[in-house]
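Secondary and tertiary structure notes
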Amino acid sequence: MMARTLLLPTLSFFLHINIILIGCQAKEESNEELYHRTVQSWESSPGNFEPWNEYISDLLSRWDRSSPSPTNKKTINTKSRLPLVGGFEEGILAIEKATVARGEGTNVPRDQTLSKLYAAYGKSLMELDAQECHQLASDPHTLLIGIESLLEEGSTYLCTENAENALRNAATLDATNAMAEKLLHKLLGQDGSDSASSSSSSVH
């Protein structure tokens, strides 16, 4: 009987497989790249707001991954979170500037998308810590209102106030925005019932 020759994989074979695997692992777009791609897609079809809806979903996903949670108590990465806040601001500005430039009137899909952007913006502002809030307020391009009232670094008051404004804008633009309504109730509940929250925390 003829002996079979065992063919062992060569080094070049493994290198080839490595190249294929690396190529399959798509590198995540930067926030800026995501923004420019979204704007280009939208400008090619101005009546289609789906690119912006995908943009919001993507940024929210990145926000959740960069934020600590009860099951993931990692340290907050300010450098990764603040650009995401800026991403929501850029989206709001892009749509509102285009609306003015085009002289548009009522546009339900546009308002629904703007509502989602404002809700996401409000969510991010609510979750900033004092240091992040101060850094955001120091950015000359921020949309925060009342920056002149920021007197100290150890406060989130300015961001909380702006979060409320953003969430109210979201609810006004689209009364069916459940995320905006839920966050607004949460924010007002925290601000308006200190004694209730302290008593409930003592139960836990």
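Every chain is numbered on its own, with residues counted from 1 as its sequence reads. In keeping with the predicted nature of the model, local features appear solely for residues at pLDDT of at least 70, side-chain atom pairs appear and are counted solely at 80 or more, and the whole-chain, interface and lining totals rest on all residues. Side-chain figures throughout are based on the complete set of non-hydrogen atoms in the structure, without hydrogens or water.

Here we come to the packing of helix H2 (residues 31-44) against helix H3 (residues 50-66). Angles here are taken between N-to-C directions and fall from 0 to 180 degrees, while the axes themselves are lines fitted to C-alpha atoms, restricted in helices to the stretch in contact. Numbering of helices and strands runs from the N terminus, with a helix taken as a DSSP run of H or I at least four residues long and a strand as a DSSP run of E at least two residues long. At a minimum axis separation of 9 Å, H2 and H3 run at an interaxial angle of 165°. If you check the angle between H2 and H3, you find them roughly antiparallel. Here the hand of the crossing between H2 and H3 comes out right-handed. Between H2 and H3, the contacting residues are Asn 31, Leu 34, Tyr 35, Thr 38, Val 39, Ser 41 and Trp 42 on the first element and Pro 51, Trp 52, Tyr 55, Asp 58, Leu 59 and Arg 62 on the second. Each residue belonging to the contact of H2 with H3 can be placed in one class, and the counts come to eight nonpolar, three polar and two charged. Orientation labels follow simple angle bins: below 35 degrees gives roughly parallel, above 145 gives roughly antiparallel, 65 to 115 gives roughly perpendicular, and whatever is left gives oblique. In this scheme the crossing of two helices becomes right-handed for a clockwise turn of the near helix relative to the far one and left-handed for an anticlockwise turn of less than a right angle. Whether two residues are in contact is decided by their heavy atoms: any pair within 4.5 Å suffices. Throughout this entry, Asp, Glu, Lys and Arg are counted as charged residues, while Ala, Val, Leu, Ile, Met, Phe, Trp, Tyr, Cys and Pro are counted as nonpolar. The remaining residues, Gly among them, count as polar.

Take the nonpolar core next. Core analysis: the biggest nonpolar cluster contains 42 residues, and Trp 52, Tyr 121, Leu 125, Leu 128 and Leu 144 have the highest contact counts within it. Elements represented by at least two residues in this core include exactly H2, H3, helix H4 (78-102), helix H5 (108-126), helix H6 (130-137), helix H7 (157-173) and helix H8 (178-192). Residues within four places of Tyr 121 in sequence aside, it is in contact with Val 85, Phe 88, Glu 89, Ile 92, Thr 142, Leu 143, Leu 144 and Ala 166. Here, the term nonpolar core denotes a set of buried Ala, Val, Leu, Ile, Met, Phe, Trp, Tyr and Cys residues that are joined through side-chain atoms within 4.5 Å. Note on exposure labels: buried denotes an accessible area under 20% of the residue type's maximum, exposed denotes more than 50%, and partly exposed covers the range between, all computed with a 1.4 Å probe on protein chains only.

With that settled, consider H6. Restricting attention to buried positions, one finds in H6 the residues Glu 132, Cys 133, Leu 136 and Ala 137. Down the axis of H6, the buried side of the element spans an arc of 135°, and every buried residue falls inside it. Here a polar contact is taken to be a pair of N or O atoms separated by no more than 3.5 Å, where protein atoms must pair a possible hydrogen donor with a possible acceptor and residues adjacent in sequence count only if both atoms sit in side chains. Measuring from the side-chain oxygen of the N-cap residue of H6 to the backbone nitrogen of Gln 131 gives 3.2 Å; that N-cap residue is Asp 129. Here the arc refers to the set of directions running from the helix axis out to each C-beta atom.

A few words now on the state of the cysteines. In protein structure, a disulfide is the covalent linkage between the sulfur atoms of two cysteines. Count a disulfide wherever a pair of cysteine sulfur atoms falls within 2.5 Å. A complete count under the given rule lists one disulfide for this structure. For Cys 133, the disulfide goes to Cys 159, at an S-S distance of 2.2 Å. Given an S-S torsion of about 105°, the disulfide between Cys 133 and Cys 159 has right-handed geometry. One end of the pair, Cys 133, is in helix H6; the other, Cys 159, is in helix H7, and 26 residues separate them in sequence. Under the relative-accessibility criterion, Cys 133 is labelled buried at 0%.

So, about the pattern of salt bridges. When a carboxyl oxygen of Asp or Glu lies within 4 Å of a side-chain nitrogen of Lys or Arg, that pair is called a salt bridge. Using the criterion set out here, one finds 10 salt bridges in the structure. Between Arg 102 and Glu 104 there is a salt bridge, and its shortest N-O distance comes to 3.6 Å. For Arg 102, a relative accessible area of 39% translates into the label partly exposed. Judged by relative accessible area, Glu 104 falls into the partly exposed class, the value being 30%. Between Arg 110 and Asp 111 there is a salt bridge; the shortest N-O distance is 3.0 Å. Note on accessibility: Arg 110 and Asp 111 belong to one class, buried. One connected set of salt bridges, linked through shared partners, spans Glu 28, Asp 58, Arg 62 and Arg 65.

Next up on the list: the packing of aromatic side chains. The pairing test for Phe, Tyr and Trp rings, Trp by its six-membered ring, is centres within 6.5 Å, and the orientation test on the planes gives stacked under 30 degrees, edge-to-face over 60, and tilted for anything in between. What the rule picks out here adds up to five aromatic pairs. Between Tyr 35 and Trp 52, the aromatic rings sit 6.2 Å apart at their centres with planes inclined by 55°, giving tilted as the arrangement. Taken together, the residues Tyr 35 in helix H2 and Trp 52 in helix H3 connect sequence positions 17 residues apart. Residue classification places Tyr 35 among the buried residues on the basis of a relative accessible area of 14%. Given a relative accessible area of 0%, Trp 52 falls into the buried group.

Before going further, it helps to examine the confidence of the model for the chain. In this model, the chain carries a mean pLDDT of 82, and residues with pLDDT of at least 70 account for 73%. Averaged pLDDT values for the elements of the chain fall to 35 in helix H9 (residues 194-203) and rise to 98 in H5. Note that pLDDT drops below 50 for residues 17-25; the model gives that stretch zero contacts with residues more than four away or on any other chain. Segment residues 191-204: pLDDT under 50, and one contact once partners within four positions in sequence are set aside and those in other chains are kept. Known as pLDDT, the predictor's confidence for each residue is given on a scale from 0 to 100.

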